[in-house]
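Descriptive analysis of the structure
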Amino acid sequence: MEVYLDNSATTRCFDQVAALITQIMCEDYGNPSSLHRKGVQAEKYIRYAKDVIARNLKVNEKEIFFTSGGTESDNLAIRGCAYANCRSGRHLITTQIEHPAVLQTMKHLEEEGFRVTYLPVDGKGCIRLEDLERAITGETILVSIMHTNNEVGSLQPVVQAGALIKRMNPKILFHVDAVQGYGKFRIYPKKMNIDLLSVSGHKIHGPKGVGFLYVDEKVKIKPIVFGGGQQGGIRSGTENVPGIAGMAKAVEIIYGSLDQETEKLYRIKKAFVDGVRKLDDVVVNGHPDETGAPHVVSVSIRGVRSEVLLHALEDKGIYVSAGSACSARKPQPSATLRAMGIPQDLLGSTIRFSFSVFTTMEEINYTLQTMYDIIPMLRKYTGERSPARR
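Residues numbered from 1 in each chain as written. Predicted model: local features only at pLDDT ≥ 70, side-chain atom pairs only at ≥ 80, totals over all residues. Heavy atoms only, no water.

1. Some details on the sheet that holds strand 12 (residues 350-354)
Read across the open sheet, the 3 strands follow the order 9-10-12; overall the sheet is antiparallel. Looking at strand neighbours, the two that pair on one side only are strand 9 (282-285) and strand 12, the edges of this open sheet. Ignoring strand direction, the axes of neighbouring strands in this sheet form an average angle of 25°. Summarising the sheet, strand 10 (residues 296-301) and strand 12 pair through 5 bridges and their orientation is antiparallel. Across the sheet, residue valine 296 finds its bridge partner in strand 12, namely serine 354. The strands touched by helix 8 (residues 258-276) within the sheet are strand 9, strand 10 and strand 12, with strand 10 carrying the most contacts at an inclination of about 5°. On the sheet, helix 9 (residues 306-315) packs against strand 10 and strand 12 and is oriented at approximately 40° with respect to strand 12. (Pairing = 2+ DSSP bridges. Helix = DSSP H or I, 4+ residues; strand = E, 2+ residues; numbered from the N terminus. Axes fitted to C-alpha atoms, helices over the stretch in contact; angles between N-to-C directions. Contact = heavy atoms within 4.5 Å.)

2. Things to note about the environment of tyrosine 182
Here tyrosine 182 lies in the loop between strand 6 (173-177) and strand 7 (196-200). Ignoring sequence-local partners within four residues, the contact set of tyrosine 182 consists of Asn56, Leu57, Ile187, Val199, Ile204, Phe212, Val251 and Tyr255. Polar side-chain contacts of tyrosine 182 include one of 2.7 Å to the side chain of asparagine 56. (Polar contact = N/O pair within 3.5 Å; in protein donor to acceptor, adjacent residues only side chain to side chain.)

3. Concerning empty space enclosed by the protein
Inspection of every chain in the model, using the stated rule, returns 1 cavity of 30 Å³ or more. Size it by volume and the largest cavity reaches roughly 80 Å³. In terms of residue count, helix 8 provides more of the lining of the largest cavity than any other element does, 4 residues in total. Here the lining of the largest cavity is built from residues that sort into 5 nonpolar, 5 polar and 2 charged. (1 Å grid on protein atoms, 1.4 Å probe; cavity = no way out; pocket = protein on both sides within 12 Å on 5 of 7 lines; lining within 4 Å. Points joined across faces, edges and corners; volume = space filled by probe spheres on them. Nonpolar A, V, L, I, M, F, W, Y, C, P; charged D, E, K, R; others polar.)

4. Brief notes about the sheet that holds strand 2 (residues 64-67)
If you walk across this open sheet you meet the 7 strands as 2-8-7-6-5-3-4, and the pairing is mixed. Each edge of the open sheet is held by one strand with a lone partner, namely strand 2 and strand 4 (115-119). Put simply, the sheet's adjacent strands are angled 20° from each other on average, direction ignored. The pairing of strand 2 with strand 8 (residues 211-215) spans 4 bridges and is classified as antiparallel. The partner of threonine 67 across the bridge, within strand 8, is glycine 211.

5. Details of the packing of helix 1 (residues 15-26) against helix 7 (residues 241-256)
Helix 7 packs onto helix 1 with a crossing angle of 155° between their chain directions and a minimal axis gap of 9 Å. When the interaxial angle is binned, helix 1 and helix 7 end up roughly antiparallel. The chirality of how helix 1 crosses helix 7 is right-handed. Contacts from Gln16, Val17, Leu20, Ile21, Ile24 and Met25 of helix 1 reach helix 7 at Val241, Pro242, Ala245, Gly246, Lys249, Ala250 and Ile253. Across the contact of helix 1 with helix 7, the residue classes tally to 10 nonpolar, 2 polar and 1 charged. (Parallel < 35°, antiparallel > 145°, perpendicular 65-115°, else oblique. Left-handed = near helix turned anticlockwise from the far one by under 90°.)

6. Quick notes on the pattern of salt bridges
A full pass over the atoms with the stated rule returns 18 salt bridges. In this structure, lysine 190 and glutamate 63 form a salt bridge, with 2.9 Å as the shortest nitrogen-oxygen distance. Of the two residues, lysine 190 is situated in the loop between strand 6 and strand 7 and glutamate 63 in the loop between helix 2 (37-57) and strand 2; the sequence distance between them amounts to 127 residues. Glutamate 63 gets classed as buried once you look at its relative accessible area, which sits at 0%. One salt bridge in this structure joins aspartate 131 and arginine 134, with 2.5 Å as the shortest N-O distance. Here aspartate 131 pairs with arginine 134, and both are found in helix 5 (residues 129-135), just 3 residues apart, close to one helical turn. Overall, the relative accessible area of 14% leaves aspartate 131 in the buried class. Judged by relative accessible area, which is 61%, arginine 134 ranks as exposed. Within this structure, Glu63, Lys190 and Asp216 form a network of salt bridges that share partners. (Salt bridge = Lys/Arg side-chain N within 4 Å of Asp/Glu carboxyl O. Buried < 20%, exposed > 50% of the residue type's maximum accessible area, 1.4 Å probe, protein only.)

Put into structure tokens, the structure is as follows:
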């Protein structure tokens, strides 16, 4: 049996998405900037995608800009706004548990003379609004807070944060990295005081290498990629038509049955959390109930190194992650877990399980039984305590 539980890293494409991509790559393959019939057909796919996404977010089509994915969207949002608004101030705010695409961008801007405040989080992985309020100064120009944490599934108080920011200074821009939250929740930027929103296609059963950035029409932003002037010059480069259309198709599908699928994911999550807690010396990080994301469960298993358990599960056909896919090959402990205050002996013993619309209860039961079987053996091998409560 093959069980894929690493959906926070990437997801399997919907069949309809793959079929549409194939059709565009092999038949409707024109350049959308070309004036002939093939180009016009390609441009129609771009317009289709803008319409789908804009209606989903309840925004204007001209506020959607296509990128190569979440990393580029984050970079464009943060760097583009920092450069465009630096005369108003050079202070930025983010959190200690952001994706590397945000944290490394902030570090780069610090080297260029910007000042960055990194908000701490509580033991569940959530920021405190009072910390955000204290951090805002007259020099603050941008706040960047993720919607859903990619490692532990904690949900940030985005609605309350947006209201707080705009109450303190309406000119401060609010960027939300929604790469893990989009496709799991309904997000309406204008209602939530979000000025910029980053999304990636391959997290919602679309293709890799494509994403989008919502930019409110009032936002002043500079491009970070220069070239032929596509997309109003904000993001030059020939548009990835197959990827863009495929992503839009995934948006249609996933939001067409969002409520039912989210309810199913929470049932799967509860069954998994209840089952994994039958093991001794196991800690479920973040919010293991419906106050957290429906598709992410972070589990620390004392006495078993995460890499060892990952490969032991892999041998049984179960695919999981030892952390963020963007930093999983790096040996240092997770910055997110450190910020949450996870004990030192658990930092290297944490596994992330992440589900999707394709995950079944049969797969969950198989995974749990496999863990019951192998974890006592792994602990015995490493000299740690072994019994598992069934």
